[in-house]
Amino acid sequence: MLTACGLCWLCRMPLALPQWGICSRCASTLFARAPVCPQCGLPAQHEHLPCGRCLQKPPPWQRLIAVSDYIPPLSTLIHRFKFSGKAELAPALARLLLLASFQRRQPRPDRLISVPLWQKRHWRRGFNQSDLLCRPLARWLGCEYEADAITRVRATATQHQLSARLRKHNLKNAFQLEIPVRGLHIVVVDDVVTTGSTVAEIVRLLKRGGAATVQVWCLCRTL
């Protein structure tokens, strides 16, 4: 991803490899997270074994990969990307997801799934941020991607305004699976995972459809 001026998107220093959109110094800083559980992505004692929370009540997905906690500079870029119409940031942010998957030595998935927006919210924003992340990521990984594989069939309240319990109720039956997924290894891509209610509802839908495994990849995991 070439920036307009050949500078790193994060620190604005000159890029040795402009096509990556981020310098090696910023990349190493972003990926230097404290140990997190490989399943829920929250802080844990061991990064290769499920944490106590997941042993007692595991999430519906097999693994969660996040580039960073929701802190600057990445949180600032995500905010610009979503709320200031900076769609040109998408390839550079998608590259961070690619690098994170390489760092965790993840096999290539069969298909990527983006988290859909309700039609009116999509129209107001002008794009679906998850869709813009999936498009270059699927091309680099060489896997299948269709923007309308999951559709949102009803409007829901904005998630960040709700408690964890209300988030789950808010999303019940909000999505519909439009493609066959039986036997496939799938990755659901989102920008930020907070309580995980949204991606959990989509993962359950995919598993009911017969998906073999489902992972969640996101730019940031909130604590």
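Along every chain, residues carry numbers that run from 1 in the direction the sequence is written. Restriction of local features to residues with pLDDT of at least 70 applies here, the model being predicted, together with a cutoff of 80 or more for giving and counting side-chain atom pairs; totals for whole chains, interfaces and linings are based on all residues. Excluding hydrogens and water, the side-chain values take into account all heavy atoms of the structure.

**Q** Is there a simple way to explain the sheet that holds strand E6 (residues 185–193) in this structure?
**A** In this analysis, strands are considered paired if DSSP registers two or more bridges between them. We count a stretch as a helix when DSSP gives it H or I for four or more residues in a row; a strand needs E for two or more, and each element gets its number in order from the N terminus. Taken in spatial order, the five strands line up as E1-E7-E6-E2-E3 in an open sheet, and their pairing is parallel. Where the open sheet ends on each side, the last strands, each with one partner, are strand E1 (63–69) and strand E3 (144–145). Note: E6 against strand E7 (residues 213–221), eight bridges, orientation parallel. Counted as the bridge partner of valine 187 is glutamine 215 from E7. Contacts from helix H3 (residues 74–83) reach E1, E6 and E7, with the element oriented near 100° to E7. Throughout, a contact is declared for two residues whenever any of their heavy atoms are within 4.5 Å. Note on geometry: axes are lines fitted to C-alpha atoms, helical ones only across the stretch in contact, with angles between N-to-C directions running from 0 to 180 degrees.

**Q** Mind showing me how you'd approach the packing of H3 against helix H4 (residues 90–103) here?
**A** Each pair of packed helices can be summarised by the angle the axes make with each other and by the distance between the axes. Where H3 contacts H4, the axes come no closer than 11 Å and their chain directions differ by 140°. Taken as axis vectors, H3 and H4 run oblique relative to one another. For H3 against H4, the interelement crossing comes out left-handed. Within the contact between the two elements, H3 uses Leu74, Leu77 and Phe81 and H4 uses Ala90, Leu93 and Leu96. Residues of the contact of H3 with H4, tallied by class, amount to six nonpolar, no polar and no charged. Any angle that is under 35 degrees is reported as roughly parallel, and any over 145 degrees as roughly antiparallel; angles of 65 to 115 degrees are reported as roughly perpendicular and all others as oblique. It is the rotation of the near helix from the far one that decides the hand of a crossing: anticlockwise by less than a right angle makes it left-handed, clockwise makes it right-handed. Ten residues, namely Ala, Val, Leu, Ile, Met, Phe, Trp, Tyr, Cys and Pro, are considered nonpolar, four, namely Asp, Glu, Lys and Arg, are considered charged, and the remaining ones, Gly among them, are considered polar.

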